[in-house]
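Examination of the molecular architecture
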Amino acid sequence: MLLRSALTPVVARWRTANPYALDTALAALVLFAVSLQWIFPDEGDDPLTWQGWLLGAATAVPLVWRRRAPFTTACAVSVATPAQALYHAPPPDVMYGGMVVLYTLAAEGRPWQRRTMLAGWVIGVVTTMQHQAAKEPFEYAFHLMGLICAYALGMLARVQRAYTTELEDRARRLERERAADTARARAEERSRIARDMHDILAHAVSLMVVQAEAGPVVVRKDPARAEATFDTIAATGRDAMNQLRRILGVLKEERPEGEDVPRLPQPSVTALPALVDRVRESTGLRAELRTTGVPRPLSSDTEVAAYRVVQEALTNTVKHARASLAVVELDWAQERVTVTVTDDGRGPSAPSGGHGLIGIRERAAACGGSAETGAGPDGGFRVVVRLPVAADREGALG
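Bear in mind the structure is a predicted one, so any value in this text is a computation, not a measurement.

Moving on: the environment of Ala305. For Ala305, the position within the fold is in helix 11 (residues 300-321). A relative accessible area of 3% means that Ala305 is categorised as buried. On a C-alpha basis, the gap between Ala305 and Val385 in space is 9.7 Å, while along the polypeptide they are 80 residues apart. Ignoring anything within four residues of it in the chain, the contact list for Ala305 reads Arg363, Cys367 and Leu387.

What follows concerns the packing of helix 4 (residues 50-58) against helix 5 (residues 70-87). The relative placement of two packed helices is expressed as an angle between their axes plus a distance between the axes. Where helix 4 contacts helix 5, the two axes come as close as 8 Å, and the packing angle between them is 155 degrees. Taken as axis vectors, helix 4 and helix 5 run roughly antiparallel relative to one another. Where helix 4 crosses over helix 5, the two elements pack in a sense that is left-handed. The segment helix 4 lies against helix 5, with Gln51, Gly52, Leu55, Gly56 and Ala58 engaging Ala80, Ala83, Gln84 and Tyr87. For the contact of helix 4 with helix 5, the class distribution of residues is five nonpolar, four polar and no charged.

Summed over all chains, the structure comprises ten salt bridges. Between Arg67 and Asp23 there is a salt bridge, and its shortest N-O distance comes to 3.0 Å. Placement of the pair is Arg67 in the loop between helix 4 and helix 5 and Asp23 in helix 2 (residues 19-34), with a sequence separation of 44 residues. Accessibility expressed as a relative area gives 1% for Asp23, which makes it buried.

Across the sheet, which stays open at both edges, the five strands sit in the order 1-2-3-5-4 with mixed pairing between neighbours. Strands with a single pairing partner mark the edges of an open sheet, and in this sheet they are strand 1 (286-292) and strand 4 (370-375). Between one strand axis and the next, the sheet turns by 10 degrees as a mean value, whatever way the strands run. Across seven bridges, the pairing between strand 2 (residues 325-332) and strand 3 (residues 336-343) is antiparallel. Its bridge partner lying in strand 3, Val327 is registered against Thr342. Of the strands in this sheet, strand 1 and strand 2 touch helix 10 (residues 272-283), which is tilted by about 160 degrees from strand 1.

Evaluation of the coordinates by the stated rule reveals one aromatic pair. The positively charged end of Arg68 is found above the aromatic ring belonging to Tyr20, 4.1 Å away from the centroid.

Rules of the game
Residues numbered from 1 in each chain as written. Predicted model: local features only at pLDDT ≥ 70, side-chain atom pairs only at ≥ 80, totals over all residues. Heavy atoms only, no water. Helix = DSSP H or I, 4+ residues; strand = E, 2+ residues; numbered from the N terminus. Buried < 20%, exposed > 50% of the residue type's maximum accessible area, 1.4 Å probe, protein only. Contact = heavy atoms within 4.5 Å. Axes fitted to C-alpha atoms, helices over the stretch in contact; angles between N-to-C directions. Parallel < 35°, antiparallel > 145°, perpendicular 65-115°, else oblique. Left-handed = near helix turned anticlockwise from the far one by under 90°. Nonpolar A, V, L, I, M, F, W, Y, C, P; charged D, E, K, R; others polar. Salt bridge = Lys/Arg side-chain N within 4 Å of Asp/Glu carboxyl O. Pairing = 2+ DSSP bridges. Phe/Tyr/Trp six-rings, centres within 6.5 Å; stacked < 30°, edge-to-face > 60°. Lys NZ or Arg CZ within 6 Å of the ring centre and 35° of its normal.

Now the structure itself:
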């Protein structure tokens, strides 16, 4: 581990260095290696000539272009190496250039290039050594194993580079997917908050408008009731402001990356009686809540959807219907709950409805349910929303 940690910065600098400078340094190193017989002539008994040195240099100098033109470089070295071996003044002790070009082609060349060059070098080494006298069997194995090991290292580098590229591509894809999921989650949350703000404001303002319109009439006839009316307007406004303040507080709160933003406590089906009572007391509309069947567990999103649907439907009744009666019905079945809000007002004023009706349909669809709006069977207006029931208690809590 200590050796690996010490080599990591060296490897990093090596990979980021100029490739042409590295190739030039490698060519110089190979040239130095093939020149050792001339630098230390007393170490061996092979004949030395300047023509032999030029042939040896021809196996090293082309390596400067090994990454710019790998196959051409390999061909040049492949011609110079057997020429030096056949010239025999001196023969190459180790085929440094051949191992470098085989490694380079295995790592970066096309399939036909690397296979052709490997076969050519193996055949060339065996054929060349057959024409030389006093060659021991171990020399065949030494040269052939050197070439094959260089080729295998090049293939390993190719596989490693492909693996690293695949990991980087996968990391980029995951990052893009994560960013897309985050953007989608934010868009969904903004849409949810926008719907909640619309429902809160529309409901509160509708109640306040009804109370304010009735206020001047009540002031002259019943001052005590007028005072209660204004108290109701103030209480409704304060409640709406508190809810909006909580929503805006969540929007403005900054949190560390990856930490979930807390969700506000959301209303549920159990709050519907209080909602119906508040509408009845605030507006004078005869609002009733009727329940059939056995209540079953709902998911948290479905609970909110059921409450907001009833709230929006009652708001539309107060604002537009000129109704005297509104009936909210909850019909509990095995697999779904049907929420129906019917009034005795003047019926639909437009075929498609406004933003509130669109929000009702969107809420139902988001929970896997459906919504229908239109004229009631006996006149007036009716909203019917069917929402799925959770399969079990865990589903409801999830």
